[in-house]
Amino acid sequence: MFWVLLLLLAWAAAGTSCTRLCLAAVRAAAVDADAARGHDLTLYEAAFLCGGPDRVADLTLVSMARQRRLLLAHTGWATVVDPRGRDEMERSVIGAIGPEGQSRIAPVRATTAAADSVRRLADHLVAAGLAVPDGARTTVAGAVRQVQAATAAVLALGAVAVLLPAQTTENAVPVAVWFLLPLILTLSCLAIARIEVHPYTRWASPAGQRLLGTLARYGDDTGDDRTYLTSIAVRGIRAIGEPDLRAAFTHRDRDPGREAGERG
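The notes below deal with the structure included here. (Residues numbered from 1 in each chain as written. Predicted model: local features only at pLDDT ≥ 70, side-chain atom pairs only at ≥ 80, totals over all residues. Heavy atoms only, no water.)

## Section: the environment of Leu7
Inspection of the secondary structure puts Leu7 in helix α1 (residues 2–32). Using a relative accessible area of 9% as the deciding quantity, one classes Leu7 as buried. Residues Leu7 and Trp178 lie 171 residues apart in sequence; the distance between their C-alpha atoms is 7.4 Å. Look past the residues within four positions of Leu7 in its chain and what remains in contact with it is Trp178 and Phe179. (Helix = DSSP H or I, 4+ residues; strand = E, 2+ residues; numbered from the N terminus. Buried < 20%, exposed > 50% of the residue type's maximum accessible area, 1.4 Å probe, protein only. Contact = heavy atoms within 4.5 Å.)

Right under this line is the structure:
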């Protein structure tokens, strides 16, 4: 009756993994339930949900450049024109550029993305249920992988049990049938998860994705500043229409020594 021990192991693997998946799905649904109600996304929030801290930094740089308060040269340098930031994000950019009022775009972007203002924005979106918390982005996915592993374990244990010398009489239920039950449990959980569990992006929760879906699809119309900036928030720097401004971001990761030569 050694196969009974294998059956118990199969049930333990199936039950534990399926329970974890159910709990993860329930927690995700509870957070998602009322998150999107009564919340109008700002441009910074939309940028974060679409591309994270880097997208927020890019949006701020482009916005300030459009208002002629920041000069973004095609060689990849940022120069402060108006040192008075109108909000926390702009003040973070000005602080990242430094007292000399000029810096390469790459370090400005990196410093701005890591600033406290962006971190507070992220915390606000997480608290509202619109962004996925750090460490929770893979909770449901990890539970699904555990159920998949449990399915493979049930199959392996069942195969071992079937290959053991016969320990039952002719009228007994075949060993394989007993292992079919935990296998059905795991496969059913995987099927339900595929249908019911909402996919999570890198930054936006399902509620955040729904809010982003309410934004109109914006093109590269530079005549409407709000439309243009929304396009940058949603699509990133590839939505930039001006050749010189696009070149500034294209050069942002080039060699510092080479850029210093171009600047001089």
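## Thoughts on the packing of helix α3 (residues 88–97) against helix α4 (residues 105–113)
Here α3 crosses α4 at 135 degrees, and the two axes come no closer than 9 Å. Overall, the two elements α3 and α4 adopt an arrangement that is oblique. In the crossing of α3 with α4, the sense of the turn from one axis to the other is right-handed. Packed against α3, whose contacting residues are Ser92, Val93, Ala96 and Ile97, the element α4 presents Val108, Thr111 and Thr112 at the interface. Among the residues making up the contact of α3 with α4, the classes are represented as 4 nonpolar, 3 polar and no charged. (Axes fitted to C-alpha atoms, helices over the stretch in contact; angles between N-to-C directions. Parallel < 35°, antiparallel > 145°, perpendicular 65-115°, else oblique. Left-handed = near helix turned anticlockwise from the far one by under 90°. Nonpolar A, V, L, I, M, F, W, Y, C, P; charged D, E, K, R; others polar.)

## What about a nonpolar patch on the surface?
Side chains of Trp11, Val173, Val177, Trp178, Leu180, Leu181, Ile184 and Leu185 sit close together on the surface and give an oily, nonpolar patch of about 660 Å² of accessible area. Take the nonpolar patch: its biggest share by element is 6 residues, from helix α7 (residues 175–196). By secondary structure assignment, the location of Leu181 is in helix α7. (Patch = residues over 30% accessible without salt bridge, like charges linked within 9 Å, V, L, I, M, F, W, Y side chains within 5 Å. Areas by Shrake-Rupley, 256 points an atom, 1.4 Å probe, with all protein chains shown as cover. Salt bridge = Lys/Arg side-chain N within 4 Å of Asp/Glu carboxyl O.)

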